[in-house]
Amino acid sequence: MKKRIFSGMRPTGRLHLGNYLGALKNWARLQDDYQCTYCVVDWHALTTGYEDTAGLKNKVEEMVLDWLAAGLDPKKSVLFVQSSVKQHAELHLLLSMVTPLGWLERVPTYKQQLRELSGRDIATYGFLGYPVLQAADILAHKAEYVPVGEDQVPHVELTREIVRRFNHFFGNVFPEPEALLAEVKLLPGIDGRKMSKSYGNEISMTASSEEIRDKVQRMVTDPARIHVKDPGHPDVCIVYKFYEAVASEMATGVAEECSKAGIGCVRCKSRLVDLLDQMIEPLRKRRDEYARNPDMVRQILEEGAKKARKTAEAVVAEAREAIGLWR
Ligand code: TRP
Ligand code: SF4
């Protein structure tokens, strides 16, 4: 029996290379060794974005296309949208009964986001309960491992605490999930800040050859390198950071050539363009195939929801029974 994995991502529309190398590539890899369930968490999107939901459906669709492009495979994994499996909401409610307010107020992302998203009114019940909903996602599938980034570790920790408290009251229903941290390739944006759509410094996950060329052209290199003869400092160069992230086996060579002025930035960039283009090409192809076939995508999500519902319903029934609710 394969161990169970669950992870979720908020529907943000098209993804960028940072999302691919930091998460999706790993999710795709895990499919062979684990029973994976991957969920588009549209309810979670509401917790911080309930005033503006006009683009939500479209964002779900675009992101799912990128998931499929990245190699998430409906034959191996369960892929579904959170709001089509109501059992997550029922479990959220049950878990909310045993979750002390103090635990939620102490979650680091809670205070931080309250501060950072100060333009929006997120002093809501739903937002405070964000990690309880996340716990419900994970526990509805009795997942043993949760592949996430560093920032999500407190949420998985909280899930474990909720499990202990629930099991203490009602018997041993849930396993304690563990965060699965991948060795992430940190990819900066083309300006050197964190890659993010809100900075406009991203390269999309299925960028066209033209976009790749344009974005690499605009990458900041070693400013001290004015002439080709000047030795460069790869450690301050964004192009070099990309080599490290997408072709680590070439990075040492690039660094050596650069620091003895054996290669010029123009050639160095054009090699990176080719590398990225080669890496992205199969993703682009897969995305196009699915994009031409929206019915197929819809069906993948329906099938996924059906499977997820079956698993979640059995788990939630067990929780109801353990609590002693009317049946
Ligand atoms: N909170 C996660 C994030 O922002 C998304 C998420 C929701 C999730 N439910 C989950 C991640 C369950 C892992 C497991 O990235
Ligand atoms: Fe950067 Fe390459 Fe130019 Fe060196 S040669 S500064 S690594 S682009």
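Residues numbered from 1 in each chain as written. Chains lettered and ligands numbered in written order. Predicted model: local features only at pLDDT ≥ 70, side-chain atom pairs only at ≥ 80, totals over all residues. Heavy atoms only, no water.

### Some details on the overall build of the chain
Turning to step 1, where the next piece is worked out: The number of helices and strands found in the chain is 14 helices and five strands.
Turning to step 2, where the next piece is worked out: Here the C-alpha radius of gyration of the chain, 22 Å, is about what a compact globule of 327 residues would show, namely 20 Å.
Turning to step 3, where the next piece is worked out: Reported as C-alpha extents along the three principal axes, the dimensions of the chain are approximately 80 × 45 × 40 Å.
Turning to step 4, where the next piece is worked out: The 327 residues of the chain split such that 47% are buried.
Turning to step 5, where the next piece is worked out: In the form shown here, the chain has an accessible surface area of approximately 16900 Å², with 52% of it arising from carbon and sulfur atoms. (Helix = DSSP H or I, 4+ residues; strand = E, 2+ residues; numbered from the N terminus. Rg over C-alpha atoms; globule rule 2.2 N^0.38 Å. Buried < 20%, exposed > 50% of the residue type's maximum accessible area, 1.4 Å probe, protein only. Areas by Shrake-Rupley, 256 points an atom, 1.4 Å probe, with all protein chains shown as cover.)

### Focus on the layout of surface pockets
Where empty space is left becomes clear once a probe the size of a water molecule has been rolled over the atoms.
Turning to step 1, where the next piece is worked out: There is about 470 Å³ of room inside the second largest pocket.
Turning to step 2, where the next piece is worked out: Lining the second largest pocket are 19 residues, and of these Lys57, Val60, Glu61, Val81 and Leu301 sit closest to its centre.
Turning to step 3, where the next piece is worked out: Looking at the lining of the second largest pocket, the elements with two or more residues in it are helix H3 (56-69), helix H13 (265-291) and helix H14 (294-323).
Turning to step 4, where the next piece is worked out: Residue contributions to the lining of the second largest pocket peak at seven residues, all from H3. (1 Å grid on protein atoms, 1.4 Å probe; cavity = no way out; pocket = protein on both sides within 12 Å on 5 of 7 lines; lining within 4 Å. Points joined across faces, edges and corners; volume = space filled by probe spheres on them.)

### Considering empty space enclosed by the protein
Turning to step 1, where the next piece is worked out: For the structure on display, the rule yields two cavities of 30 Å³ or more.
Turning to step 2, where the next piece is worked out: In this structure, the largest cavity encloses a volume near 100 Å³.
Turning to step 3, where the next piece is worked out: Lining the largest cavity, in full, are Thr221, Asp222, Arg225, Pro234, Cys237, Val239, Tyr240, Val254, Cys258, Ile263, Cys265 and Cys268.
Turning to step 4, where the next piece is worked out: Going through the elements one at a time, helix H11 (238-246), helix H12 (248-259) and H13 are the ones with two or more residues in the lining of the largest cavity.

### Points about helix H1 (residues 17-30)
Turning to step 1, where the next piece is worked out: In this model, H1 (14 residues) spans 19 Å end to end at C-alpha, consistent with the 20 Å of a helix rising 1.5 Å per residue.
Turning to step 2, where the next piece is worked out: Of all bends in H1, the biggest is about 40°, found at Ala23.
Turning to step 3, where the next piece is worked out: Taken across its 14 residues, H1 has ten buried, putting it largely inside the fold.
Turning to step 4, where the next piece is worked out: Taken as a whole, H1 has its buried residues at Leu17, Gly18, Tyr20, Leu21, Ala23, Leu24, Asn26, Trp27, Ala28 and Leu30. (Expected span 1.5 Å × (residues − 1). Bend = angle between axes of the 7 residues up to and from the residue.)

### Examining the packing of helix H10 (residues 209-217) against H13
Turning to step 1, where the next piece is worked out: Direction vectors running N to C along H10 and H13 enclose 145°, while the axes themselves pass 9 Å from each other. The handedness of the crossing between H10 and H13 comes out as right-handed. Contacts from Ser209, Ile212, Arg213, Val216 and Gln217 of H10 reach H13 at Lys269, Leu272, Val273, Leu276, Asp277, Ile280 and Arg284.
Turning to step 2, where the next piece is worked out: Here the contact of H10 with H13 is composed, by residue class, of six nonpolar, two polar and four charged. (Axes fitted to C-alpha atoms, helices over the stretch in contact; angles between N-to-C directions. Left-handed = near helix turned anticlockwise from the far one by under 90°. Contact = heavy atoms within 4.5 Å. Nonpolar A, V, L, I, M, F, W, Y, C, P; charged D, E, K, R; others polar.)

### Points about the site of ligand 1
Turning to step 1, where the next piece is worked out: Residues in contact with ligand 1 amount to 13 residues; listed here are only the nearest, Arg10, Tyr130, Gln134, Asp137 and Gln152.
Turning to step 2, where the next piece is worked out: Between ligand 1 and the protein, one listed contact pairs a nitrogen atom with a side-chain N or O atom of Gln134 at 2.9 Å.
Turning to step 3, where the next piece is worked out: Gln152 places a polar side-chain atom, nitrogen or oxygen, 2.9 Å from a nitrogen atom of ligand 1.
Turning to step 4, where the next piece is worked out: When ligand 1 sits alone it has 360 Å² of accessible area, and the protein chains cover 92% of it.
Turning to step 5, where the next piece is worked out: Counting residues per element, the ones that place at least two in the shell around ligand 1 are strand S1 (4-9) and helix H8 (130-139).
Turning to step 6, where the next piece is worked out: Element by element, the count of residues in the shell around ligand 1 is highest for H8, at four residues.
Turning to step 7, where the next piece is worked out: For the shell around ligand 1, a count of residues per class yields six nonpolar, five polar and two charged. (Near = heavy atom within 4 Å. Polar contact = N/O pair within 3.5 Å; in protein donor to acceptor, adjacent residues only side chain to side chain.)

### A closer look at the pairing of S1
Turning to step 1, where the next piece is worked out: With six bridges connecting them, S1 and strand S2 (residues 35-40) associate as parallel partners. Looking at the pairing, Phe6 lines up with Thr37 of S2.
Turning to step 2, where the next piece is worked out: Of the crossover connections in this fold, the one passing from S1 over H1 to the parallel S2 is right-handed. (Pairing = 2+ DSSP bridges. Right-handed = clockwise from strand over helix to strand, strands pointing away.)

### Topic: the site of ligand 2
Turning to step 1, where the next piece is worked out: Neighbouring residues of ligand 2: Thr221, Asp222, Arg225, Cys237, Val239, Tyr240, Cys258, Ile263, Cys265 and Cys268.
Turning to step 2, where the next piece is worked out: Taken atom by atom, the bulk of ligand 2 overlaps the largest cavity.
Turning to step 3, where the next piece is worked out: Residue assignment for the shell around ligand 2 shows that the elements contributing at least two residues are H11 and H13.
Turning to step 4, where the next piece is worked out: Taken together, the residues of the shell around ligand 2 break down into seven nonpolar, one polar and two charged. (Sits in = over half its atoms within 2 Å of the grid points.)

### Describing the domain arrangement of the chain
Turning to step 1, where the next piece is worked out: Entries for the chain in the domain assignment read domain 1 (4-187 + 294-323) and domain 2 (209-287).
Turning to step 2, where the next piece is worked out: In this assembly, 14 residues from domain 1 lie in contact with nine residues from domain 2.
Turning to step 3, where the next piece is worked out: Summed over both sides, the interface between domain 1 and domain 2 buries roughly 1000 Å², with carbon and sulfur atoms accounting for 66% of that surface.
Turning to step 4, where the next piece is worked out: Counting the surface domain 1 buries against domain 2, the share from its top three residues, Leu17, Ala69 and Leu187, is 45%.
Turning to step 5, where the next piece is worked out: Viewed at the interface, domain 2 and domain 1 are joined by two salt bridges.
Turning to step 6, where the next piece is worked out: Across the pair Glu62 and Arg287 runs a salt bridge whose closest N-O atoms are separated by 2.7 Å.
Turning to step 7, where the next piece is worked out: Scanning the region where domain 1 abuts domain 2 turns up four residue pairs in polar contact (both at pLDDT 80 or more).
Turning to step 8, where the next piece is worked out: Within the residue set of the side of domain 1 that touches domain 2, elements represented by two or more residues are H1 and H3.
Turning to step 9, where the next piece is worked out: Of the residues forming the side of domain 1 that touches domain 2, the biggest block, five residues, is contributed by H3. (Domains from an automatic or database assignment. Buried area = accessible area lost by both parts, 1.4 Å probe. Salt bridge = Lys/Arg side-chain N within 4 Å of Asp/Glu carboxyl O.)

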